[in-house]
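# Structural features, examined
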Amino acid sequence: MTLTFPNKSRSFDESRNAVRFSGYDGMFEVRFLVEANALRTASQPGRSEDEYLRAFDMAREIILEAATHAYGRGGKDRYTLTAQDIRR
């Protein structure tokens, strides 16, 4: 099966300081976190929850590519993406 992202919802997880989203491999849900550090820029070192979600939306295509790449390496049901994954 191929990893797909039919659901555009995402949420900020304050306890993990990351944005959560999901993909699907057939009927199996694959959960992802994008660390907040991966969504920061040098000019905006601190952001609010809304700013992190907007940053995620602006970089969605790159993030989904990174998620697909990470999933292809491991086949797990949960992944954490870092700045290194997003900017490879």
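Quantities reported herein were computed from a predicted structural model and do not represent experimental measurements. (Residues numbered from 1 in each chain as written. Predicted model: local features only at pLDDT ≥ 70, side-chain atom pairs only at ≥ 80, totals over all residues. Heavy atoms only, no water.)

Ranked by internal contacts, the top residues of the largest apolar core, which has 24 residues, are Phe21, Phe32, Val34, Leu39, Ile63 and Leu81. Counting residues per element, the ones that place at least two in this core are strand E3 (18–25), strand E4 (28–35), helix H1 (49–58), helix H2 (60–74) and strand E5 (78–81). Here this core takes six residues from H2, the largest share from any one element. Apart from residues lying up to four places away in sequence, Phe32 is in contact with Leu3, Phe5, Val19, Arg20, Phe21, Gly23, Ala67, Tyr71, Tyr79 and Leu81. (Core = buried A, V, L, I, M, F, W, Y, C linked by side-chain atoms within 4.5 Å. Buried < 20%, exposed > 50% of the residue type's maximum accessible area, 1.4 Å probe, protein only. Helix = DSSP H or I, 4+ residues; strand = E, 2+ residues; numbered from the N terminus. Contact = heavy atoms within 4.5 Å.)

Take the pairing of E5 next. Regular strands place side chains that alternate from one sheet face to the opposite one. Here E5 shows a clear split, with Tyr79 and Leu81 buried on one side and none of Arg78 and Thr80 buried on the other. Where E4 meets E5, four bridges bridge the pair, whose relative direction is parallel. Its bridge partner being in E5, Val34 is matched across the sheet by Leu81. (Pairing = 2+ DSSP bridges.)

The next thing to look at is the pattern of salt bridges. Counted according to the given criterion, the structure contains four salt bridges. In this structure, the salt-bridge partner of Arg20 is Asp13, at a minimum N-O distance of 2.7 Å. Ionic pairing is found between Asp77 and Arg31, a salt bridge with its closest N-O pair at 3.3 Å. Note that Asp77 is positioned in the loop between H2 and E5 and Arg31 in strand E4, a separation of 46 residues in sequence. (Salt bridge = Lys/Arg side-chain N within 4 Å of Asp/Glu carboxyl O.)

This part takes up the environment of Phe56. As for its placement among the helices and strands, Phe56 is situated in helix H1. Judged by relative accessible area, Phe56 falls into the buried class, the value being 0%.

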